[in-house]
Amino acid sequence: MIRVEHLVKQYGDVKAVSDISFTVAEAEIFAFLGPNGAGKTTTIKMLTTLLRPTAGRVEVDGLDVTAHPDEVRRRFGIVFQDSSTDDELSAYDNMDLHGRLYRMPRGPRAKRIEFLLNLFELWDRRRDSVKQFSGGMKRRLEIARSFLHTPKILFLDEPTLGLDPQTRNLLWSHVQKLNDMERITVFLTTHYMEEAERVAHRIGIIDHGRIVAQGTVSELKARTGTDSLERAFLALTGTTIREEAPAPQLGRIRRWRRRQ
Amino acid sequence: MNTVYVLWLRQMKRISRSRFRLAASLSQPLLFLVAFGLGFGQIFQRAGQGSYIQFFAPGLIVMPIMFLGLFSGADMMWDRRFGFLKMTLVAPVSRLALLMGRTAGGATVSILGGLLLALATAIVGFRPAGLAASALGLAFMLLTACLFTAWGMALASAMEDFQAYQLFINYMAMPMFYLSGAFFPLNFVPKPLRILALFNPFAYAVDGMRASLGGAAAHFSITTDLGVLAGLSALFILLGARLFARIQV
Ligand SMILES: Nc1ncnc2c1ncn2[C@@H]1O[C@H](COP(=O)(O)OP(=O)(O)OP(=O)(O)O)[C@@H](O)[C@H]1O
Ligand SMILES: [Mg+2]
């Protein structure tokens, strides 16, 4: 469903993504993990036509992203890492505007909006303007919106950021259900390893713009000789730090300072 | 076309957000209307130039249209900053249509400002030259709105710094307004000023309004005014489209 070949993104002299390649199969849930600044969001922006790659190729549903951006756009839904709602409008109007942009006919549009707002427990607040929403409600609205036009692929960039455990649980159940029922392909990022462990069929780990490991959770555990994804993740992304500085603590501090 | 309508619709749903901007952009021309129209008018009349309100009002009506149009790019910068722009950029619609929708929404708000001001001028005694004249005047308001909204959008697509944008617009719009002949007949001013007016897009809007709605003789000519405004509108739409197409978020 997604094929990425030798993808590169250079910002000035920062190489945010350097030569990554991977594929995501249809109906697969793929978790793209990595420390802060690893290049996850940059990769998603290139996969979703927002950023032009410096080099390399991206194919979504068999279509080249640079050559057929509109065809590709029709096929995916996205939850951005940061908010993208119109806070002046009501929750319903935000959904409706989105549905209209994707040319959904009136009847099915209204039906699906009602279904999704109910699913994410926002129906009772549909007339309130979004600026009155809590952070978690806004997030739920964005997630509901990304499902609206029944996309074949869903990009979720840290969708559970700032959500309480109940809502996170709810979200992942819905994602799994839709993946199961509608065979939606899901490309997600998260910093909660237990979430990835729970929902992802396959994992890709990126660090400093390079993919350092790919495989199922058990493959990654086996490869690193650890018993949880979190430990495997630390083992994998920790290795690269140790190559830079002998003491892991020192390396981590340096990396933290570089990001400030 | 659907996209244009959707974005226009959104602007209309948010129009209460523009309330403050609308009020702010009306306050200055209203002040002018009272200070110059009522105060200064006597002198003008005594100098044998007829009613100053009749002369002054048509140019004043397009003043909020210019300002609101130029400032409508601010909405886009806001959307860029707060993420809504991204949502529209990943939708399967052309960037040109997105820009046109935003321009249509901004132009509608600015025309609303012009209409409100027209109402105010009517209250202090301005009378349009007739029905056909009013229709032509409306066409000029429309063109003026198109031109300056497209201009504002082009600027907003090219700039990322909100404050710089605001400053830039103020420094650009003020001289355009004062040197346009809105206050004085261009026929009577020294040659350098008249030549300057030739390069002032707003001067054509004022002249067109005065010649149509006001029923006065044109300084340029109605067709020149129409041509210049339409030509520049097209130019800024094209320029804006190019700049907007290049936005990466
Ligand atoms: N517009 C930009 N201009 C310059 N550098 C950028 C830009 N956007 C991102 N970067 C840099 O690219 C690198 C990757 O950033 P990216 O946002 O993709 O990281 P991420 O993996 O999503 O991190 P996080 O987990 O913090 O969201 C970082 O070093 C970042 O500073
Ligand atoms: Mg990110």
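Here the structure is shown first, and the text comes after it.
Here we summarise the structure given alongside this text. Counting from 1, residues in each chain are numbered in the order their sequence is written. Going through the entries in the order they are written, you letter the chains from A and number the ligands from 1. Local features are withheld for residues below a pLDDT of 70 in this predicted model, meaning they are given only at 70 or higher, and side-chain atom pairs are given and counted only at 80 or more; totals for whole chains, interfaces and linings count all residues. Derived side-chain values reflect all non-hydrogen atoms in the structure, with water molecules and hydrogen atoms excluded from consideration.

1. Topic: the overall build of chain A
1) Next: Strands are runs of DSSP state E lasting at least 2 residues, helices are runs of H or I lasting at least 4, and numbering of each runs from the N terminus. When helices and strands are tallied, chain A shows 10 helices and 10 strands.
2) Next: Over its C-alpha atoms, taken along the principal directions, chain A stretches across nearly 60 × 40 × 35 Å.
3) Next: When each of the 260 residues of chain A is scored for burial, the buried share is 55%.
4) Next: For chain A, the share of sequence-separated contacts (at least 6 apart) that also reach a separation of at least 24 residues comes to 66%.
5) Next: Only carbon and sulfur atoms are counted for the fraction: they give 48% of the accessible area of chain A, which is about 11600 Å².
6) Next: Residues scored as positive are Lys and Arg, those scored as negative are Asp and Glu, and His as well as the terminal groups of each chain are ignored. Charge coordinates come from a single atom per side chain, which is NZ of Lys, CZ of Arg, CG of Asp or CD of Glu. Here chain A carries 41 positive and 35 negative side-chain charges, and the mean point of each set is 2 Å from the other. Categorising residues by exposure relies on relative accessible area from a 1.4 Å probe, with only protein chains included: less than 20% of the type maximum marks a residue as buried, more than 50% marks it as exposed, and the intermediate range marks it as partly exposed. In what follows, a contact means two residues having at least one pair of non-hydrogen atoms within 4.5 Å. Accessible areas in this description were obtained via Shrake-Rupley with a 1.4 Å probe; residue shielding takes into account the shown protein chains only.

2. Digging into the overall build of chain B
1) Next: Helix and strand content of chain B: 11 helices and 0 strands.
2) Next: For chain B, the sequential pattern of α-helices and β-strands runs α-α-α-α-α-α-α-α-α-α-α.
3) Next: Put simply, the radius of gyration uses C-alpha atoms, and a globule should come to 2.2 Å times the residue count raised to 0.38. For chain B, the C-alpha radius of gyration of 18 Å lies close to 18 Å, the compact-globule estimate for 249 residues.
4) Next: Counting only C-alpha atoms, chain B reaches 60 × 35 × 35 Å along its principal axes.
5) Next: Expressed as a percentage of the 249 residues in chain B, the buried residues total 53%.
6) Next: Contacts spanning at least 24 positions in sequence make up 81% of the contacts within chain B whose residues lie at least 6 apart.
7) Next: When the accessible surface of chain B is split by element, carbon and sulfur atoms take 70% of a total near 10600 Å².
8) Next: Side chains of chain B carry 18 positive and 6 negative charges; the gap between the two charge centres is 3 Å.

3. A word on the coordination of the magnesium ion (ligand 2)
Residues and elements named next belong to chain A.
1) Next: At this site the magnesium ion (ligand 2) is bound by Thr-41 (OG1) and Gln-81 (OE1), with donor distances of 1.8 to 2.1 Å. Linking Thr-41 in helix H1 (residues 40–47) with Gln-81 in the loop between strand E6 (76–79) and helix H3 (91–101), this pair joins segments that are 40 residues apart in sequence.
2) Next: Relative accessible area serves as the criterion here: at 25%, Thr-41 is assigned to the partly exposed category. Because no water is among the atoms considered, metal sites can look incomplete, with donors defined as N, O and S atoms within 2.8 Å of the metal, or 3.2 Å for Na, K and Ca.

4. A word on the interface of chain B and chain A
1) Next: Residue-level contacts link 24 residues of chain B with 28 residues of chain A.
2) Next: As used here, buried area is the combined drop in accessible area, with a 1.4 Å probe, of two parts when they are placed together. Buried surface at the junction of chain B and chain A, both sides included, amounts to about 2500 Å², of which 59% is carbon and sulfur.
3) Next: It is Met87(B), Val90(B) and Pro92(B) in chain B that bury the most area against chain A; as a group they hold 26% of the surface buried on that side.
4) Next: Whenever two N or O atoms come within 3.5 Å, that pair is a polar contact, provided that in protein one can donate a hydrogen and the other can accept it, and provided that, for residues adjacent in sequence, both atoms are side-chain atoms. At the junction of chain B with chain A, the criterion picks out 8 residue pairs in polar contact (both at pLDDT 80 or more).
5) Next: Every element with two or more residues in the side of chain B that touches chain A is listed here: helix H1 (2–13) and helix H5 (84–89) of chain B.
6) Next: Residues are grouped as follows: nonpolar covers Ala, Val, Leu, Ile, Met, Phe, Trp, Tyr, Cys and Pro; charged covers Asp, Glu, Lys and Arg; every other residue, Gly included, is treated as polar. Classifying every residue of the side of chain B that touches chain A gives 13 nonpolar, 6 polar and 5 charged.

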